[in-house]
Structure formats: C-alpha cells, structure tokens
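Descriptive analysis of the structure
The primary structure of each chain is shown beneath.
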Amino acid sequence: MDRILSGIKPTGQLTLGNYIGAIKNFSRVQYDGEPFLFIADLHALTLPIDPEVLRKNSRDVAAYYLAAGLDPKHSTIFLQSDVSTHSELAIILQNYLYMGELSRMTQFKDKSQKMKEEAIGLGLFAYPVLMAADIVLYDAKRIPVGEDQVQHVELARDLVKRFNNRYGEVLTMPRAEVAKVGKRIMSLSDPTKKMSKSEPKGDIYLSDSLEVMRKKIMSAVTDLGHEIKYDPENKPGISNLMTILSSLSGKSFEEIEKEFEGKGYGDFKRAVADAVVKEMEPFKAKYEEIVASGLVDKVLEEGAKKAYDASKVVLTRVQKAVGLYRK
Ligand code: AQP
C-alpha cells in the first residue's frame with residue numbers, strides 16, 4: 001500500500017476551506033493507502049503566534065482529524081515537533097534547494113509582501129525545505145493537498161530528482177493529489193481570495209456555531225444577475241457556493257444548475273447553508289466528544305512513536321548517502 005502524507009498548520013481557526021480541501025479529503029482516501037497525517041506546528045512558527053494559541057490550535061487540529069473519521073489505528077496522526085527527524089532531515093535537505101527557487105514560491109511572496117525585509121524570518125523563506133523533509137521522510141508517494149500547496153510539492157519533486165541524480169535512488173518521488181472539486185474554496189466576503197485561517201473575515205470557521213455558519217452563507221457576496229451557473233470568471237461568488245455545495249452533497253455542477261433553474265439566489269443560498277449545517281452538525285458534536293474524552297493526547301503520543309520509527313529509516317538512508325553516517 002502506498003504511503004499518503006499530508007498536514008495542516010495550526011496557525012489559526014480551521015476554515016471550511018481546510019475541511020473540504022484537506023480534512024474531508026484525508027478521511028475519504030485513508031483506507032486507500034497508509035496515511036501519515038501531521039499537525040505542522042513547526043511550520044506555524046514561520047509567522048508570529050502566541051504560544052498558548054499554538055498549543056490550543058495544535059490539539060484542535062488533532063481533534064478535528066479524529067472527528068472527521070480518521071482512524072488512529074490505521075492512520076498515523078502526530079505532531080511534527082514530536083518527531084525530531086523532521087528537523088534533522090530539513091537541515092540536510094536545505095543544501096539541495098536554492099535561494100532562487102525558494103524566492104519564487106507564491107506563498108512566500110504572498111506572506112512576505114506586507115513585511116519589511118529585515119523582519120522576514122528565515123523560516124518563512126525556508127518553509128518549502130521543511131515541507132520537502134516532511135514529505136520524503138515517509139517514502140510517501142501520494143500527497144493530498146489543496147491547490148495552494150501544489151507548488152511546494154512540485155519543489156519537493158525537483159529536490160528528489162536532484163538528490164537522487166547525485167546519490168542514487170535514495171528518496172521516493174511524491175505526487176500531489178488535488179481533489180477535482182473543492183481544491184480551492186474562496187472567501188465568502190471576497191470570492192477572488194482564498195478562504196484562509198489567517199484572514200480575519202469572510203470565512204467559515206469550524207469553531208463557528210451552526211447559526212453563525214448559516215448567517216455567513218446567507219450574507220455571502222454574490223454576483224450580478226440571478227442565474228445559478230458555474231462560471232468562476234464572471235460569477236465567482238455563486239461558483240464558490242456551488243463548489244461548497246457540490247463537495248458536500250456530491251452533486252455535480254450541472255445537477256445543481258438544473259435544480260435551481262428559475263430560482264433566485266435566496267433559495268440557492270438556503271440550500272448551501274442546509275448542506276453545510278447537515279455536514280457540520282455531527283462533525284462538531286463528534287469534535288466536542290473527542291475533546292472531552294482526552295483521546296487526543298493518547299493518539300498523538302502513539303502517533304509520534306510510529307512516525308519516528310518509520311521516518312528514522314529514511315533519515316538513516318539519507319545520512320548514509322551523503323556521508324554522515326558511520327559505515
Ligand atoms: N481555501 C481552501 N480551499 C481548499 N483547500 C484549502 N487548504 C487551505 N485553504 C484551503 C488546504 O488545507 C491544507 C492545510 O493548509 P495549511 O494549514 O498548510 O495552510 P494553507 O494552505 O496556507 O492554508 P490557510 O488556511 O490559508 O492557512 P494560513 O492562513 O495559515 O496560511 C492544505 O492542503 C491546503 O491546501
């Protein structure tokens with residue numbers, strides 16, 4: 001069975017975008033392979049974050065993984081900082097990625113755009129190095145991500161090619177897997193922007209009450225006209241809501257267009273809100289149950305041990321290849 005690797009940064013309240021683009025997707029594919037799913041707390045340090053907030057967010061991501069049905073007996077769920085091999089491998093791999101290619105990463109450009117150059121941390125710049133280490137440490141072939149992370153997986157592929165050309169077949173080639181629908185959920189207040197944890201408004205947070213979720217959808221920015229049609233270019237607001245409805249209900253865009261022919265935006269938004277509430281109600285209840293059960297700590301502890309054992313094999317292989325390991 002192929003290994004599957006993915007993670008979420010605990011930088012803020014998770015959004016419906018993280019749920020559709022990542023968490024729901026993980027639970028869908030978990031039995032197709034051997035998943036290693038982590039909470040990328042080291043990555044969360046790349047931008048300023050309060051220590052207590054980071055700790056709480058990290059536990060929350062784990063609880064959300066479990067609430068979505070990820071099975072800790074099958075999927076290895078762990079905290080990145082609990083597994084020291086991630087940092088050890090990143091230190092080695094940083095020598096095989098170059099300043100030019102790192103500075104072309106869209107995420108780095110977006111996040112550093114508003115910062116003064118002297119205040120941009122090296123960790124933000126080197127983020128894709130640690131991400132490449134995360135990926136290759138488990139010999140993972142399949143990397144389920146939202147569209148925004150594809151560029152980083154492509155860079156990890158370049159690194160694997162470069163490294164293997166020099167040292168032989170040491171690293172396993174990963175491949176990004178992006179869901180056909182829901183790969184990029186947009187903000188409800190500005191559908192030209194990605195729904196994101198670090199954006200203060202226009203997003204549905206998994207911690208929002210069902211009522212608030214419903215309200216946010218009913219007041220989502222829509223487009224001119226009244227037709228329910230999938231056309232991201234000219235109707236970004238409606239197309240985004242259609243994407244949400246389609247990924248939660250399994251209905252195709254054509255089916256949705258047909259269902260709402262001759263109906264207004266109000267009816268359509270109500271249907272989107274109903275679908276979100278239907279999905280979120282049991283999910284949020286499960287999350288509360290998991291938080292109260294104390295299961296998170298146990299899962300993370302066991303996950304860290306399994307992840308360490310699996311990743312140590314690859315780290316040792318790399319150390320030997322580059323000449324660090326005693327023969
Ligand atoms: N809006 C989105 N639509 C679909 N997928 C999304 N993902 C994020 N936002 C959307 C996917 O969620 C996974 C975890 O993301 P991440 O924590 O690595 O960070 P990110 O991609 O930078 O997401 P955010 O929410 O925008 O975080 P911040 O604000 O901290 O930068 C990834 O698979 C991502 O593609």
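Residues numbered from 1 in each chain as written. Predicted model: local features only at pLDDT ≥ 70, side-chain atom pairs only at ≥ 80, totals over all residues. Heavy atoms only, no water.

1. Things to note about the packing of aromatic side chains
In this structure the tally under the stated criterion is 13 aromatic pairs. With a centroid separation of 5.6 Å and an interplanar angle of 20 degrees, the aromatic rings of tyrosine 64 and phenylalanine 283 are classed as stacked. Placement of tyrosine 64 in helix α3 (residues 51–67) and of phenylalanine 283 in helix α13 (residues 265–293) is noted, with a sequence separation of 219 residues between them. Looking at tyrosine 64, the relative accessible area reads 4%, which means it is buried. Three or more aromatic residues link up through ring pairs in this structure, and these residues are Tyr19, Tyr64, Phe283 and Tyr287. (Phe/Tyr/Trp six-rings, centres within 6.5 Å; stacked < 30°, edge-to-face > 60°. Helix = DSSP H or I, 4+ residues; strand = E, 2+ residues; numbered from the N terminus. Buried < 20%, exposed > 50% of the residue type's maximum accessible area, 1.4 Å probe, protein only.)

2. As for the site of the ligand
Contacts to the ligand come from 23 residues, most closely from Thr11, Lys111, Asp148, Lys197 and Ser198. Glutamine 149 is positioned with one of its side-chain polar atoms (N or O) 3.2 Å from an oxygen atom of the ligand. Elements that contribute at least two residues to the shell around the ligand include exactly β1 (3–8), α1 (16–29) and α6 (106–112). Here the shell around the ligand takes four residues from α1, the largest share from any one element. Per-class residue counts for the shell around the ligand are five nonpolar, eleven polar and seven charged. (Near = heavy atom within 4 Å. Polar contact = N/O pair within 3.5 Å; in protein donor to acceptor, adjacent residues only side chain to side chain. Nonpolar A, V, L, I, M, F, W, Y, C, P; charged D, E, K, R; others polar.)

3. Digging into the environment of valine 129
Its place among the elements puts valine 129 in helix α8 (residues 127–136). Residues valine 129 and glycine 250, 121 residues apart in the sequence, show an inter-C-alpha distance of 36 Å. Beyond its immediate sequence surroundings of up to four residues, valine 129 is in contact with Ala90, Leu93, Gln94, Leu97 and Leu102. (Contact = heavy atoms within 4.5 Å.)

4. Looking at the side chain of glutamate 101
Following the sequence through the fold, glutamate 101 ends up in helix α5 (residues 99–103). With residues near it in sequence (within four places) discarded, glutamate 101 still touches Tyr96, Leu155 and Arg162.

5. Considerations on the domain arrangement of the protein chain
A common measure of how large an interface is: the accessible area buried when the components associate. When its domains are assigned, the protein chain resolves into domain 1 (3–182 + 295–322) and domain 2 (210–288). With 13 residues of domain 1 at the contact, the number on the domain 2 side is twelve residues. With both chains or domains summed, domain 1 and domain 2 bury close to 1100 Å², and 74% of this area falls on carbon and sulfur atoms. Contact with domain 2 buries surface across domain 1, with Leu16, Tyr19 and Val181 losing the most and accounting together for 41% of the total. Our enumeration of links across domain 1 and domain 2 arrives at one salt bridge. Measuring nitrogen to oxygen at the nearest pair gives 3.0 Å for the salt bridge that ties glutamate 279 to lysine 24. Our enumeration of links across domain 1 and domain 2 arrives at three residue pairs in polar contact (both at pLDDT 80 or more). (Domains from an automatic or database assignment. Buried area = accessible area lost by both parts, 1.4 Å probe. Salt bridge = Lys/Arg side-chain N within 4 Å of Asp/Glu carboxyl O.)

6. Structural notes on the pairing of strand β2 (residues 34–39)
Counting buried positions along β2 gives five out of six residues, so the element sits mostly inside the fold. In this sheet, β2 lies alongside β1 in parallel orientation, the contact comprising six bridges. Residue pairing for β2: glycine 7 is matched across the bridge by phenylalanine 38. The β-α-β motif built from β1, the intervening α1 and the parallel element β2 has right-handed crossover chirality. Both β2 and strand β3 (residues 76–79) contribute to a ladder of four bridges, which runs parallel. (Pairing = 2+ DSSP bridges. Right-handed = clockwise from strand over helix to strand, strands pointing away.)

7. Some words on the environment of tyrosine 308
Positionally, tyrosine 308 belongs in helix α14 (residues 295–322). Measuring from C-alpha to C-alpha, the distance between tyrosine 308 and methionine 186 comes to 36 Å, with 122 residues separating the pair along the chain. Excluding residues that lie within four positions of it along the chain, tyrosine 308 makes contacts with Val83, Ser84 and Thr85.

8. Notes on the pattern of salt bridges
Counted under the stated rule, the structure contains 19 salt bridges. Between lysine 56 and aspartate 60 there is a salt bridge; the shortest N-O distance is 2.8 Å. Here lysine 56 and its partner aspartate 60 are both found in helix α3, four residues apart, which amounts to about one turn of the helix. A residue is classified by how much of its surface remains accessible, and lysine 56, at 47% relative accessible area, is partly exposed. Between lysine 216 and aspartate 208 there is a salt bridge, with its nearest N and O atoms 2.7 Å apart. Where salt bridges share partners, they join Arg142, Arg175 and Glu177 into one cluster.

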